[in-house]
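Given next are the chains, with one letter for each unit.
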Amino acid sequence: MDAQMERAGQAARARSGLEAGDACVLQIGGTHPVPRHVAGGKAYSLHLLACAGFQVPAAQVLTTGFFAPWIAQLDGMPAWNALIRAAQDDWPAHCAELQAALETLAWTPAQARVLDGLMRRHAARDGEARFAVRSSSPEEDLDTASFAGIYRSCLGVPGQDIGQAIRACFASCLDLPVFAYKAACGLPVFAPAIAVIVQQQVDSDVSGVGFSINPLTNDHDEALVSASWGLGDAVVDGRIVPDQFIVDKASGRMLGSMLGSKKTSSVLAPEGGTRQRAERRGGEACLRPAQLHALSDALVRIEALFGRPVDVEFAYASGTLQLLQARPVTTWVPLAADMMSQPGAPRTLYMDISLAKGVTTNAPLSPLGQDWLRHSIASLVRHFAGDIDFPLDRADGWLCINGGRMYLNLSRILWLATPRQLARSNAPTDELLGRTLATIDIAHYRSPARPSWLPLMRVLPRIVWKLRRSMWRSLQAFVAPEYAHRRYRARERELIAALAEPVGDDTTLPALQRQLGTFMVESVIDTAMPAMIAGLGASGALARLARKDCVIEKELVGKLTQGTSGNLVVEMGIAMFRLARMLPSTDFKDPGLLAQRIRRREVPDAFLTAWDRFMETYGCRGPGEMDLANPSYRDDPAMLLRQLSFMTGAAPEHDPEAAHRQLATQREEAYRQLLQRFGPVRRLLLKRLYATSSLFAGTRDTPKYFNLLARQRIREHALATGAELAAAGRLDRADDIFGLSYADLEAGTHGADACLRDRRRERSSFLDLLARQVTRFPALIDSRGRILRAPPCAGQAGRLSGFGISAGIVRGRVKCLRTAHEKEVAPGDILVAHTTDPGWTPLFVSAGAIILEVGGVLQHGALVARELNKPCVAGIDDVFAHLRDGMLVEVDGEHGTVSIIEAV
C-alpha cells in the first residue's frame, strides 16, 4: 500500500511542481527552507517573520507532499469527476457529495507515521497544550488573491484531536467557497493543493488585525488596527464590533479611535475549541498606547520586509506581542514611486484626468501609449509656446503622464482656482469629481511655493498669434454658419486624405510621431477645435435664451441640441446597427469564423460595401482606444463582429437611427414653437444660434477622432517595428513593443541597447501590478496615496442617488461590466459601468438604460445616451458594490435615482 501511495504521491507532486525530496514536515523559523509552493502562503509568511526576529508561536507545517496521496485519489472519486464537469450553478450539490466522500479517506501508513511523530513531539512538551491547526495553500496570501477566511482553521485543538483538525483543513481546499473564489480571481479552479500548519495556540488577552496602510483611505502614513478582547477569530469573522485605531506610522501618534461594543469575546474552551464569553469592558480600549506604538512599529518593519503594504493578525498574551499571520494587502491603489512624497513632507494632490477628460479609461496606459500622449501634447506645447519648460513626466509639473495614468497637479492649480471653481468646471464631465473637489482643504494641499507666471507671460503673445486662425474660424461659424460648415468639411476631407499618404520604410516611430505633430496642429487646433467651440458655444448660449421662470421654454430649449448631425460616435452606432441587420444572426455566433469569411470576401456584396465604408471611417476606433496597446476595429475585426452580435436580437425600439430621427423631429418642433413664443430680439438670436448649433454641435468628438486617426498610423508602424524586432530575436512578440518607450526604440533599433526584453519587463512591472489589483482608479489621490472621496449622499433604503444626465424611466435587469469585452448586454439590460469611451457605443444601443460611476452632462456616456434616447444616471460612488448582475432596478434619468426593485 505504501508503494502504491508513493507512486500516487509522485504523480501529484509532478502536477504541483514538487520535487521528490521535498520534506513532508517543516519547522517554521527553522534552518530548513520553507518554500511557498510546498508550505503554502501562510506558512511561508510566518517563516519569514520568524527568521526576521519577530515573535511567532512555535509551529510546524505538513507540506503539500504530505497530502499528495489524498490528492492523487481524487481522480478515482465519482463525486470529484462529476464536479469538474458540472456547470458552476451545480457546484453546491456536487461539493456536498465530495465532502461526504472525503470522510472515507484513510491515512496512509506513511502519513500515519508522520502524524504519530508530530503528536508525540507536542505531547512531550505539554500534555495539556492546545493547538491552532490552520490551512496554508500555495495559492493563499498572494499579491492579488488573499483567500482571507476561505480556508479552514481550527483553534484550541487538544493534542489527541490534531488528526481530525488536519483532515478538516484538508477538506476545506475541496469545498465550494474555495472553488468559487478561484473562479472569481481567474485562478485554475480544479487544481487543489494544500498544506496545514500545526501551531502552538496563543491564549491571547487581546487580538486583532493591523494594516500597514489605511484601507479606508489608502493613506501610506496611517496604520489601521482592529482589535478586541480574547482570540482573534471573533474579529476576523465579524462576530463582534471591535475597537478601531488609526496611528501615524512615523511618530506612533494616535490619529483617531473608535471603541466598539465588544459585547462578547472568543476564549479557549476547557474541553477544546473555543467558546463565547460575555464581556463588560465595552467602554474600555482593549489596547494601551504603548501596545499600539509597538504594533505600529512592527507593521512598518513587516511592510519593509514584504516590500509592500501588509495586513497582520496579532495577539497580545501576558503583555507579549505575537504575530499569527501576515499577507500582502490586495486592494490598495499604488502610485508610481517618483510621484510619492516622503512621510511628513508637504503632500501633492493629483487629479486623474484619464477617467473623464477624453481618454476615458479605467485601465493603466501602456508605456508606449503614455509616451505617445506625452509627445503629442509636447508637440502642441512647442507649436504654441516654443521651448518653454513644460515637463510631462515629472510630479512637480502642471501635467504628469506617469504610472499608467494622466494626472493634473492640483496643488499648483489651487493657486489659480478655488475648490468651488474647480468643482463647477469639472462637474459637466464628472459630477462625482465635482462634489469631491468642493471639499478640498486648500491650506493642506496648495503647494508651498506660488508658481511663477513670468514664463507664461513671455509666451502669451505667441500663443494668441498662433490661435488667430482657430479663433477666426470659430467666429466665422457664428457669422456665416453654412459657409463655415462647408469649409470645415472640405478641410476635414483634405486632412484625412493627407494622413493616408504612405510612410517611408526607413521612418522610425519617433520620427513618425514628429511628422504627425504638424497634422495634429492643422487637424485638431485649426480645424476641429473651432468647430467644436462654435457648437458648444452656440448650445450654451441657446440654453440662456429661456426665461428662468418659464418651465416650458426651458424644456423646449433643452431639445434644441439633440438629434444634430455630425456626431461621429452616434453615427458609428447607427452604422453598426445596420451592419448587424445585414446578415443572418446565426452568422455572428462565431465572430472569428465570420471575420475570415469577410477577409476572403465570401459574404454578400451589400454587406462588404457597408463593411469597407465602416472600416474606412471608424476602423481606428474601439474599446480603450486612447491607448496604443489596445487593438482597433481594423486591427481586430472579430472584436467588432462580437459587438455587432449583441445587436442582432434588438427590437425595433432599440434602433439608434429611429431614435436619432425622433430626437431630430422633436428638435425642429421645439425650434418652431420657440420662434412663435419669442419676441423679435430673442427670435433673431435664436435663428443665428440654432443655425450654428445644428451644424456644429455634433462635432464635439471630432478632435479626438483626428487623434485616433494619427494613433492608428502610429500603432500600425509600431507593430511593424515590433515584428522586425521579434524576427531579430530581440522581442518575443510584435505587440511587446507597447511595453517600451520611444527612447528605448531610438536606442534599440540602432543596436545600442540589446536588452529590450529587460527594458519591457522593467517598464511593465508596475503597470502589471495596477492591472491585477486596481478595479477602480480614484479621481483624486495625493502623494502619500490618500484617496479623496465625495461626501456620501443622503439616500433612502433601496434607492441610490446620483445625477440625472439623460431623462427617461426604464426598468430592467442589471448587467455590470468592467470592460467593453466582458459580457453581452442583451436588449433591455441596464448597463452598469465605471466609465465608458466610444468603444462602448454598441452596448449602449442594446441597453435599456445606463448607470455610470464617472460621468457628467458632457461626458461621452451622457452624450451618447441622450442621442440614443436612453435614461442615464451618473455619479454613484462605488457602483459595483451596490449593484450586481440580475438585480431588477428602475432608472430615473431625470431625477438621478436608481431604485432596487428586486435583489439577487
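In this report, the structure presented in the accompanying data block is examined. For clarity, every value in this text was computed on a predicted model and none was experimentally measured.

## Some points on helix α13 (residues 419–426)
For an α-helix, the turn length of 3.6 residues means that residues three or four places apart are oriented alike. Among the residues of α13, those classed as buried are Pro419, Leu422, Ala423 and Asn426. The arc that holds every buried residue of α13, seen down its axis, measures 100 degrees, which confines them to one face. Residues Arg420 and Arg424 are exposed on α13 and point more than 90 degrees away from its buried face. In this structure, the buried residues of α13 make contact with β14 (349–352), α12 (410–413), α14 (431–437) and α15 (442–445).

## Re the sheet that holds strand β15 (residues 399–402)
Strand order in this open sheet of 4 strands is β15-β16-β14-β17, and the pairing throughout is antiparallel. Looking at the sheet topology across the chains shown, the edges are occupied by β15 and β17 (780–782). When strand polarity is set aside, the average angle formed by the axes of neighbouring strands in this sheet is 35 degrees. As paired strands, β15 and strand β16 (residues 405–409) are joined by 4 bridges and run antiparallel to one another. Paired with Cys400 across the strands is Tyr407, a residue of β16. The strands touched by helix α11 (residues 367–385) are β15 and β16; relative to β15, the strand with the most contacts, the crossing angle is about 155 degrees.

## Focus on the packing of helix α18 (residues 481–499) against helix α19 (residues 509–543)
For the pair α18 and α19, the least separation of the axes is 11 Å and the interaxial angle reads 160 degrees. In this view, α18 runs roughly antiparallel relative to α19, as classed from their interaxial angle. α19 is crossed by α18, and the crossing has left-handed handedness. Mapping the contact onto sequence places Tyr488, Arg491, Glu492, Leu495 and Leu499 in α18 and Leu516, Phe519, Glu522, Ser523, Thr527, Ala528 and Ala531 in α19. Residues that form the contact of α18 with α19 fall into these classes: 7 nonpolar, 2 polar and 3 charged.

## Observations regarding the packing of aromatic side chains
Two measures describe an aromatic ring pair: the distance that separates the ring centres and the angle between the ring planes. Per the stated rule, a full pass over the model turns up 21 aromatic pairs. Pairing Phe314 with Tyr316 gives two aromatic rings, centres 6.4 Å apart and planes at 75 degrees, and the pair type is edge-to-face. Here Phe314 matches Tyr316 in class, with each residue buried. For the ring pair Phe614 and Tyr618, a centre distance of 5.1 Å and an interplane angle of 50 degrees mean the geometry is tilted. Taken together, the residues Phe614 and Tyr618, both in helix α23 (residues 605–618) and 4 residues apart, mark about one turn of the helix. Site record: aromatic cluster; members linked through ring pairs are Phe66, Phe67, Trp70, Trp107 and Phe170. Just above the ring of Trp229 sits the side chain of Arg281; from NZ or CZ to the centre is 3.8 Å.

## Quick word on the state of the cysteines
Counted by the stated rule, this structure contains 0 disulfides. Just so you know, Cys154 is unpaired, no disulfide at all, and the nearest cysteine sulfur is the one on Cys169, 4.3 Å from it. In this structure Cys816 is not part of a disulfide, and its nearest cysteine sulfur, from Cys872, lies 14 Å away.

## Topic: unusual backbone geometry
Here the phi dihedral of Ser318 falls at roughly 55 degrees; this positive angle occurs in a residue that is not glycine. Relative to the elements of secondary structure, Ser318 occurs in the loop between β12 (310–317) and β13 (320–328). Residue Asp878 is not a glycine yet carries a positive backbone phi of 50 degrees. As for its position among the elements, Asp878 is in the loop between β23 (872–874) and α32 (879–882). On the accessibility criterion, Asp878 (29% relative accessible area) is partly exposed.

## Overview of the side chain of Thr361
Note on placement: Thr361 falls in the loop between β14 and α11. With relative accessibility at 13%, the residue Thr361 sits in the buried group. Look past the residues within four positions of Thr361 in its chain and what remains in contact with it is Ser354, Leu355, Arg405 and Thr835.

## So, the sheet that holds strand β22 (residues 849–852)
Here we have 8 strands laid out as an open sheet, ordered β18-β25-β24-β20-β21-β22-β23-β19, and mixed in their pairing. Edge strands, defined here as strands with exactly one partner in the open sheet, are β18 (799–801) and β19 (803–806). If you compare each strand with its neighbour and ignore which way they point, the axes differ by 30 degrees on average. Relative to strand β21 (residues 830–833), strand β20 (residues 809–816) is paired through 3 bridges, and the arrangement is parallel. Across the sheet, Val814 pairs through a bridge with Ile830, a residue of β21. The strands touched by helix α31 (residues 860–867) within the sheet are β19, β22 and β23, with β19 carrying the most contacts at an inclination of about 50 degrees.

## Here we look at the pattern of salt bridges
Pairing is possible between side chains that carry opposite charge, provided their charged atoms lie close to one another. One pass over the full model with this rule turns up 52 salt bridges. Two residues, Arg394 and Asp396, come together in a salt bridge whose shortest N-O distance is 2.9 Å. Arg760 is the partner of Asp736 in a salt bridge, and the nearest nitrogen-oxygen pair spans 3.4 Å. Of the two residues, Asp736 is situated in the loop between α27 (702–727) and α28 (742–748) and Arg760 in helix α29 (residues 756–773); the sequence distance between them amounts to 24 residues. Note on Arg760: relative accessible area 29%, which makes it partly exposed. Each of the salt bridges in this network shares a partner with another, and the network as a whole consists of Asp219, Asp221, Glu222, Arg347, Asp782, Arg784 and Arg786.

The rules behind the values
- Residues numbered from 1 in each chain as written.
- Predicted model: local features only at pLDDT ≥ 70, side-chain atom pairs only at ≥ 80, totals over all residues.
- Heavy atoms only, no water.
- Buried < 20%, exposed > 50% of the residue type's maximum accessible area, 1.4 Å probe, protein only.
- Helix = DSSP H or I, 4+ residues; strand = E, 2+ residues; numbered from the N terminus.
- Arc of directions from axis to C-beta.
- Contact = heavy atoms within 4.5 Å.
- Pairing = 2+ DSSP bridges.
- Axes fitted to C-alpha atoms, helices over the stretch in contact; angles between N-to-C directions.
- Parallel < 35°, antiparallel > 145°, perpendicular 65-115°, else oblique.
- Left-handed = near helix turned anticlockwise from the far one by under 90°.
- Nonpolar A, V, L, I, M, F, W, Y, C, P; charged D, E, K, R; others polar.
- Phe/Tyr/Trp six-rings, centres within 6.5 Å; stacked < 30°, edge-to-face > 60°.
- Lys NZ or Arg CZ within 6 Å of the ring centre and 35° of its normal.
- Disulfide = S-S within 2.5 Å.
- Salt bridge = Lys/Arg side-chain N within 4 Å of Asp/Glu carboxyl O.

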